[in-house]
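The lines below spell out each chain.
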Amino acid sequence: MESEKESTSSSSILQRWQNISRLRKRLLIAAVISLDAILGLLYQSGIGNGIDALLFGNLPNDMVWLGQSVQLISMGFLLVKVVFDDVPHGKLRSALMIFSPLFLLLTVLFTIELLMIGLNTSAVIYFNLSSIGFSTLTWSSTYLAIAVGCTLTYSVQRYGNFAQSEFFMLGMYVAVMIMWMDYFFPLVSTPKDGVLVWSVLVWTLLGAFVLTGLAGVIIDRLVFRGFRDRKSSADVMMIASLGVALILRAIVYLRFGAGTKLFEPDIDWRIAREQRFEAPTVLTKLNLGDRSLASGETYSYGACEQTGTAVDGSPVYEKIVTEGSKPLTDIYSVGSDCVTDLTANYTYYNAAMPFVIFASVGLLLLLLTKTRLGRRMRAVADNPELAASCGINVERVHMTSAFLSAGISGIGGAIFAMTIRYSPETGFTLLLPAFAVIVLGTIGSVRGAVIGALLIGFVRSVSSPILMGIGTPLDRSNYANLAEVMPYVMIIAILLIMPKGIGDAFDNWKIKRI
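Rules used throughout
Residues numbered from 1 in each chain as written. Predicted model: local features only at pLDDT ≥ 70, side-chain atom pairs only at ≥ 80, totals over all residues. Heavy atoms only, no water. Helix = DSSP H or I, 4+ residues; strand = E, 2+ residues; numbered from the N terminus. Buried < 20%, exposed > 50% of the residue type's maximum accessible area, 1.4 Å probe, protein only. Areas by Shrake-Rupley, 256 points an atom, 1.4 Å probe, with all protein chains shown as cover. Lys, Arg positive; Asp, Glu negative; His and termini not counted. Charge placed at Lys NZ, Arg CZ, Asp CG, Glu CD. Pairing = 2+ DSSP bridges. Axes fitted to C-alpha atoms, helices over the stretch in contact; angles between N-to-C directions. Contact = heavy atoms within 4.5 Å. Parallel < 35°, antiparallel > 145°, perpendicular 65-115°, else oblique. Nonpolar A, V, L, I, M, F, W, Y, C, P; charged D, E, K, R; others polar. Patch = residues over 30% accessible without salt bridge, like charges linked within 9 Å, V, L, I, M, F, W, Y side chains within 5 Å. Salt bridge = Lys/Arg side-chain N within 4 Å of Asp/Glu carboxyl O. Disulfide = S-S within 2.5 Å. Phe/Tyr/Trp six-rings, centres within 6.5 Å; stacked < 30°, edge-to-face > 60°. Lys NZ or Arg CZ within 6 Å of the ring centre and 35° of its normal.

Draft legend 1. Representation of the overall build of the chain within the structure. Each helix and strand counted, the chain has 19 helices and 7 strands in total. If one aligns the C-alpha atoms of the chain with their principal axes, the spans along those axes are about 90 × 80 × 50 Å. The buried share of the chain, reckoned over its 514 residues, is 44%. Here the chain has roughly 26,800 Å² of accessible surface; of this, 64% comes from carbon and sulfur atoms. Positive and negative side-chain charges of the chain, numbering 40 and 37 respectively, have mean locations separated by a distance of 13 Å.

Laid out in C-alpha cells, this is it:
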C-alpha cells in the first residue's frame, strides 16, 4: 500500500509539472538555479560548494565562485530568452526586448556585488560615458570594415570569404606605399606646424579603394569564377578563399617584411594634445562588495557642494565627505577642483575611422536600395538563375560585388593604419570578430551587420572597465585582457536567444507587429 501511495504521489507531481506552461517552468527553473548561485556566492552554501566539500576541498577556490558567477549570469540570459519565446506579442514584450541589454548589464553587476560580498572584499569600477562611446565607435567601425565586405560577398556570391581580412591588410600597406611616393613624401616629412595636411589622406583613401577593389576583381576572375563555372559548393570556395588569404599575406611578408608600420599622412596628426575632440563626460563610480568604512575613515564623493562664499562673493565648493559607508554609485562631472568639467578626448586619427567607415557603408546601402545596379545585385542575391533569365549579366554583378567588397575593406585598412602600428598579421586578428558581427547581425544582412558591429564594439568597450575593476581585488591583473574574448561570449548568448541573428529577429518583429 505504501509503495502504491508513493507511486501515485510521484505521478501526481509529474502530472502537475507537465500541466504547467512553458513560461512558468522556465521561470521556476531560473529561480531555483539563481537561488543556488546566490547562496553559493554569499554564504558558500551552493551545490558547487557541496561538490567541493565531497572532494575534500581539492577544487580550486576560484573555480567554484567563477562557476557560480557564470551560473547566475546565465540565468539572466535565460530570462531574456523567456521574453523572446514565451511573452505574448505586444507593447510589454517590445518594451522588455528594448530594455533587455540594460537588464543583462545589471545582472553582471549584481553578480559581481554578490561575489565581492562573499569574498569580503570590494571592487571599484569606473564608467567614463564619453570614452565608452568613443571606444564603441572605433571598435565597431574596425570590425564593420571587414564584416560588410564579407556580408556583400555572401549575399551575392554565396560563400564566406576568409580573404576579406587580407583586403583590409592590403589597404593598410597601400597607405604606406602612397605615403612613400616621391610626390607625397615631402608633405609627410614636413616638420610639425599645427596645420593638418588632408591631401595625402584623401588620395590614400581613393587609392586604397581602387587598388584593393581591382585586387578583388582580379582574384575573383582568376580563382572564384572557375569555381562558379564548375558549380562548386560554398564550402569549396570558402576553403579556396583561405588559400588566397595565405598567399596574399605571404606576398606582403616578402615585400614589406614582418616589422610594424604606421601610416602618418602628416606628423601633426599624431599630436594628441592639439589634434583631438573634447567632449564633456560623466564619470560613474561603482563601489561593489564591502562598502563599510573603518572607524574614523571617510569617503570623498566626486560631486561637490557649496561650503561658503569667497571675499569677492563667488561661491566656494568642496568635495562632499561622508562617514559610515561608501555609496553604491558615485556620479559626477567635475574634477578635483570642483570647477573644471570632466572631458573625454577623441583624437582626430581615431575619429576618422568611424566617420569614413560608416559613411562608406551608408553609401553602399544607398547604392543597393536606390540605384539600378543595386536592384540587379539584389536580384542576383535572391535568385541568380531567374536574374540571368531576365537579362541581367550575372558575372558582371559578381565582378562589381568583388570590387565593392574588397574596396570598402581596403578603405577601412587605410584609415585603420593611422591608429596603431600594424604587421601583415593584423588583418587576420580582426577576422574572427568580423565573422562574429556577421553572424550576430544575420548572415547576408548589411543593416544587421551595422547593428551587430555596434553591439560587439559596445560589449568590448564596457567589458574593459569591468574586468579591470574586478581584477585588482581578485589578484587577477590580467583580467583586462579578457575584453577581447567578451564579444564571443556575448554572441554565443545572443544566438541562443535569436538563433538566426538580430536582422532576422527584427524582420520577424516587424511582420508580427503588422
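Anyway, onward from the coordinates.
Draft legend 2. Structural view of the sheet that holds strand β6 (residues 329–332). One open sheet accounts for 3 strands, arranged β1-β3-β6; its pairing is antiparallel. Pairing within the sheet leaves two strands with one partner each, and these edge strands are β1 (122–128) and β6. Strand-to-strand twist of the sheet, defined as the mean angle between neighbouring strand axes without regard to direction, takes the value 15 degrees. Bridge count for strand β3 (residues 283–289) against β6 is 4 bridges, and the pairing is antiparallel. Directly across from Thr-284, in β6, lies its bridge partner Ile-331. On top of the sheet, helix α5 (residues 91–118) reaches β1 and β3; it is set at about 45 degrees to β3, its chief contact.

Draft legend 3. Structural view of the packing of helix α6 (residues 129–157) against helix α14 (residues 394–416). Put simply, α6 and α14 touch, their axes get as near as 8 Å, and they point 175 degrees apart. Comparing their axes, α14 and α6 come out roughly antiparallel. On the side of α6, the interface is formed by Thr-142, Ala-145, Ile-146, Val-148, Gly-149, Leu-152, Thr-153, Val-156 and Gln-157, while α14 contributes Val-397, His-398, Ser-401, Ala-402, Leu-404, Ser-405, Ile-408, Ser-409, Gly-412 and Phe-416. Its residues assigned to classes, the contact of α6 with α14 shows 10 nonpolar, 9 polar and no charged.

Draft legend 4. Main features of a nonpolar patch on the surface. Residues Leu-14, Trp-17, Leu-28, Ile-29 and Val-32 make up a contiguous nonpolar surface patch of roughly 440 Å² in combined accessible area. Every element with two or more residues in the nonpolar patch is listed here: α1 (2–19) and α2 (22–43). Top contributing element to the nonpolar patch by residue count: α2, with 3 residues. Along the chain, Leu-28 turns up in helix α2.

Draft legend 5. Expanded view of the pattern of salt bridges. Considering all chains together, one arrives at 13 salt bridges under this definition. Of the charged contacts, one joins Arg-26 and Asp-85 as a salt bridge, the two residues approaching to 3.2 Å between their closest N and O atoms. Of this pair, Arg-26 sits in helix α2 while Asp-85 sits in helix α4 (residues 61–86), placing them 59 residues apart in sequence. Judged by its relative accessible area of 32%, Asp-85 is partly exposed. The salt bridge involving Glu-166 is made with Arg-249; its shortest N-O contact spans 3.2 Å. With a gap of 83 residues between them, Glu-166 in helix α7 (residues 164–180) and Arg-249 in helix α10 (residues 234–256) connect regions that are remote in the sequence.

Draft legend 6. Expanded view of the state of the cysteines. By the definition in use, this model includes 1 disulfide. There is a disulfide in this structure between Cys-304 and Cys-338, and the S-S distance comes to 2.1 Å. On the S-S bond that ties Cys-304 to Cys-338, the torsion sits near -80 degrees, and the link is left-handed. Here Cys-338 lies in the loop between β6 and β7 (343–347) and Cys-304 lies in strand β4 (residues 298–309), a separation of 34 residues in the sequence. Classification of Cys-338 as buried rests on a relative accessible area of 10%.

Draft legend 7. View of the pairing of strand β5 (residues 315–323). In this sheet, β5 lies alongside β4 in antiparallel orientation, the contact comprising 8 bridges. Bridging across to β5, Ser-300 finds its partner in Val-321. The loop that links β4 with its antiparallel partner β5 comprises 5 residues; one of these, Gly-313, has a positive phi angle of about 95 degrees.

Draft legend 8. Representation of the packing of aromatic side chains within the structure. Under the criterion given, the structure shown has 11 aromatic pairs. Consider the rings of Phe-162 and Phe-435, whose centres lie 5.3 Å apart with planes at 50 degrees: the pair is tilted. Of the two residues, Phe-162 sits in the loop between α6 and α7 while Phe-435 sits in helix α16 (residues 431–440), which places them 273 residues apart along the sequence. The exposure class of Phe-162 is partly exposed, given its relative accessible area of 24%. With a centroid separation of 4.7 Å and 40 degrees between ring planes, the pair formed by Tyr-173 and Phe-256 is classed as tilted. One end of the pair, Tyr-173, is in helix α7; the other, Phe-256, is in helix α10, with 83 residues separating them in the sequence. We classify Tyr-173 as buried; its relative accessible area is 1%. Judged by its relative accessible area of 12%, Phe-256 falls in the buried class. Taken together, Tyr-173, Trp-180, Phe-256 and Tyr-422 form an aromatic cluster joined through their ring pairs. Here the basic side chain of Lys-319 rests over the ring of Tyr-332, its NZ or CZ set 5.4 Å away from the ring centre.

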